[in-house]
Amino acid sequence: MEKSLDRKLLRLREDPSRPDFILADAKDADMAYGLAAPGKSPEHHAHEARFRSLAEYRQCMREIVAQGLVDIMLMSASSNEILTIRERIFDDSPVTPAVRANDTTDIWLATGTGRYAQQPSLPFRTATIDHIMCGKAECRPEERHLGADLGLYSVTFNNDAELDRQTLEAYKEFRLEAERKGFRHFLEVFDPNAPGEHAPQDVARFINDHIVRTLAGVTSGARPLFLKIPYHGPAAIEALVHYDPTLLVGILGGSAGTTYDAFYMLWEAKKFGARAALYGRKINNAEHQLTFVYYLRLIADDKIAPDEAVRAYHSDLKKLGIRPHRSLEDDLKLTQTGTAYSAAGAARSSPTRPTSQAEVSPRKLGWEDQPDFSKMTPAEKARWNIERWKRIIG
């Protein structure tokens with residue numbers, strides 16, 4: 001089956017201004033968090049710390065892949081072996097399997113250790129490309145299609161020449177091996193996790209400069225398909241897109257926050273040039289993951305505004321008999337959420353609602369009106385679509 005990711009990448013290469021948007025569910029947290037990685041169990045109580053099992057975590061992956069609304073399912077190599085290689089759940093799906101290809105020390109976040117995230121990141125890879133592609137140490141050419149041919153490679157720069165050189169050497173080694181083996185990747189660039197006394201004054205500019213400087217020496221055969229970076233606001237996204245429109249910018253979700261945090265971040269990032277979003281904790285901590293992803297997809301495809309999506313999401317939770325984590329009023333608030341993998345990471349600064357509420361809250365337009373779409377604003381189209389879906393789902 002044709003993968004939606006491949007179709008969108010082809011169109012965006014032809015015209016980076018197209019509205020196509022890549023949405024990924026990042027369920028690779030078992031490479032970072034230990035027992036807490038699958039998230040809280042729906043049966044947990046306030047006084048308990050009960051988490052889903054790994055089997056339950058993988059079942060969530062199966063369900064989201066079956067739903068078919070995300071473009072990428074990002075997993076650990078061990079989950080990839082079970083779901084991609086053994087169960088073949090992606091064979092008849094538009095979703096592309098992907099694997100976290102490295103696990104640098106700044107994502108070693110097992111409970112009780114407490115130190116790794118506060119020490120400068122060091123490069124490390126548990127998974128190998130061959131194990132990702134075929135499940136064993138060495139793949140024959142005809143076996144490389146058995147697993148995933150796409151991986152996430154992450155780097156963290158700490159404004160330290162020796163440490164950052166080690167990071168770049170490891171990335172170069174990975175790129176060369178990946179190119180030889182026909183393995184694609186997208187590049188994650190984290191904020192500095194432990195720069196000590198040498199913290200950059202402008203972190204967003206520091207990250208952008210490192211991205212374009214690093215990739216200037218990489219030719220097309222080894223370049224990442226797209227980026228996954230912390231969202232530092234519209235100006236940082238616009239600067240990258242203006243510098244090189246062919247460099248597809250994606251954002252990472254960071255910590256969960258409110259539902260409006262998740263929906264608005266995606267909406268705003270796309271408005272200012274992002275063409276991908278990879279949400280892990282934001283999806284995993286949702287009251288009902290499939291419904292949450294459904295509204296992420298509508299926002300990514302310009303069919304609904306973020307505040308209307310929150311209201312519709314709460315309405316659907318009520319129909320499903322699921323108690324929301326927050327009241328609707330509280331869930332419509334925009335808060336500061338962490339942008340790093342570690343909870344100790346920086347928070348997005350000065351979140352604000354749109355300057356014009358009319359931009360995301362258009363005039364009332366019933367789903368049955370069958371309007372002339374050519375004369376509608378994007379906001380009016382969004383409102384029409386949500387009214388239509390409300391009628392469909394009752």
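Source: prediction; values computed, not measured.

**A closer look at the sheet that holds strand β5 (residues 184-190)**
Hydrogen bonds along the backbone pair up the strands of a sheet, which may run parallel or antiparallel. In spatial order, the strands read β6-β5-β4-β3-β2-β1-β8-β7; together these eight strands make up an open sheet with parallel pairing. With one partner strand each, in any of the chains shown, β6 (227-228) and β7 (250-252) form the two edges of the open sheet. Where strand β3 (residues 96-100) lies against strand β4 (residues 150-156), two bridges are found, and the strand directions are parallel. Among the inter-strand pairings, Arg100 is bridged to a residue of β4, identified as Leu152.

**Examining the environment of Asp330**
Structurally, Asp330 is set in helix α12 (residues 328-331). Relative accessible area serves as the criterion here: at 33%, Asp330 is assigned to the partly exposed category. The spatial distance from the C-alpha of Asp330 to the C-alpha of Thr258 is 7.8 Å, given a sequence separation of 72 residues.

**Side note on the packing of helix α8 (residues 259-271) against helix α11 (residues 306-320)**
One way to put it is that α8 packs onto α11 with a least axis distance of 9 Å and a crossing angle of 145 degrees. Seen along the crossing, α8 lies across α11 with a hand that is right-handed. Contacts from Thr259, Tyr260, Phe263, Tyr264 and Trp267 of α8 reach α11 at Pro306, Asp307, Ala309, Val310 and Tyr313. A class-by-class count of the residues in the contact of α8 with α11 yields eight nonpolar, one polar and one charged.

**Here we look at the pairing of strand β2 (residues 72-75)**
Burial along β2 is two-sided: the residues Ile72 and Leu74 and Met73 and Met75 are all buried. Examined bridge by bridge, strand β1 (residues 22-27) and β2 share four bridges and lie parallel to one another. Opposite Ala26, over in β2, you have Leu74 as the bridge partner. Here β2 runs beside β3; their pairing, made up of four bridges, is parallel. Residue pairing in the sheet places Ile72 in a bridge with Thr96 of β3. Crossover handedness for the path β2 to helix α3 (residues 77-86) to β3: right-handed.

**Some thoughts on the confidence of the model for the protein chain**
Per-residue confidence for the protein chain gives a mean pLDDT of 88; residues scoring 70 or more make up 83%. The low-confidence segment residues 388-394, where pLDDT is below 50, has 10 contacts with residues more than four positions distant or belonging to other chains.

**Digging into the state of the cysteines**
Counted by the stated rule, this structure contains one disulfide. Across the disulfide from Cys134 sits Cys139; the S-S distance is 2.1 Å. On the sign convention where negative means left-handed, the S-S torsion of about -95 degrees between Cys134 and Cys139 marks this disulfide as left-handed. Exposure class is identical for Cys134 and Cys139. Each is buried.

**So, the pattern of salt bridges**
Within this structure, the stated rule accounts for 32 salt bridges. Here Arg11 ties to Asp20 by a salt bridge, and the two come within 2.4 Å at their closest N and O atoms. Each of the salt bridges in this network shares a partner with another, and the network as a whole consists of Arg125, Asp130, Arg144, Glu177 and Lys181.

**Overview of the side chain of Thr259**
Secondary-structure assignment places Thr259 in helix α8. For Thr259, a relative accessible area of 4% puts it in the buried group. A distance of 2.7 Å separates a polar atom in the side chain of Thr259 from a polar atom in the side chain of Asp331.

**A look at the nonpolar core**
Within soluble globular proteins, side chains that are nonpolar generally end up buried alongside one another. Ranked by internal contacts, the top residues of the largest apolar core, which has 85 residues, are Ile211, Leu227, Ile251, Phe263, Leu266, Tyr279 and Tyr295. Those residues in contact with Leu227 that lie beyond four places of it in its chain are Leu187, Ile211, Leu215, Leu240, Leu247, Leu248, Val249 and Gly250. In terms of nonpolar packing, the next biggest core, distinct from the first, is built from 17 residues, Leu9, Leu150, Leu152 and Phe186 among them.

So, how was this worked out
- Residues numbered from 1 in each chain as written.
- Predicted model: local features only at pLDDT ≥ 70, side-chain atom pairs only at ≥ 80, totals over all residues.
- Heavy atoms only, no water.
- Pairing = 2+ DSSP bridges.
- Helix = DSSP H or I, 4+ residues; strand = E, 2+ residues; numbered from the N terminus.
- Buried < 20%, exposed > 50% of the residue type's maximum accessible area, 1.4 Å probe, protein only.
- Axes fitted to C-alpha atoms, helices over the stretch in contact; angles between N-to-C directions.
- Left-handed = near helix turned anticlockwise from the far one by under 90°.
- Contact = heavy atoms within 4.5 Å.
- Nonpolar A, V, L, I, M, F, W, Y, C, P; charged D, E, K, R; others polar.
- Right-handed = clockwise from strand over helix to strand, strands pointing away.
- pLDDT = per-residue confidence, 0-100.
- Disulfide = S-S within 2.5 Å.
- Salt bridge = Lys/Arg side-chain N within 4 Å of Asp/Glu carboxyl O.
- Polar contact = N/O pair within 3.5 Å; in protein donor to acceptor, adjacent residues only side chain to side chain.
- Core = buried A, V, L, I, M, F, W, Y, C linked by side-chain atoms within 4.5 Å.

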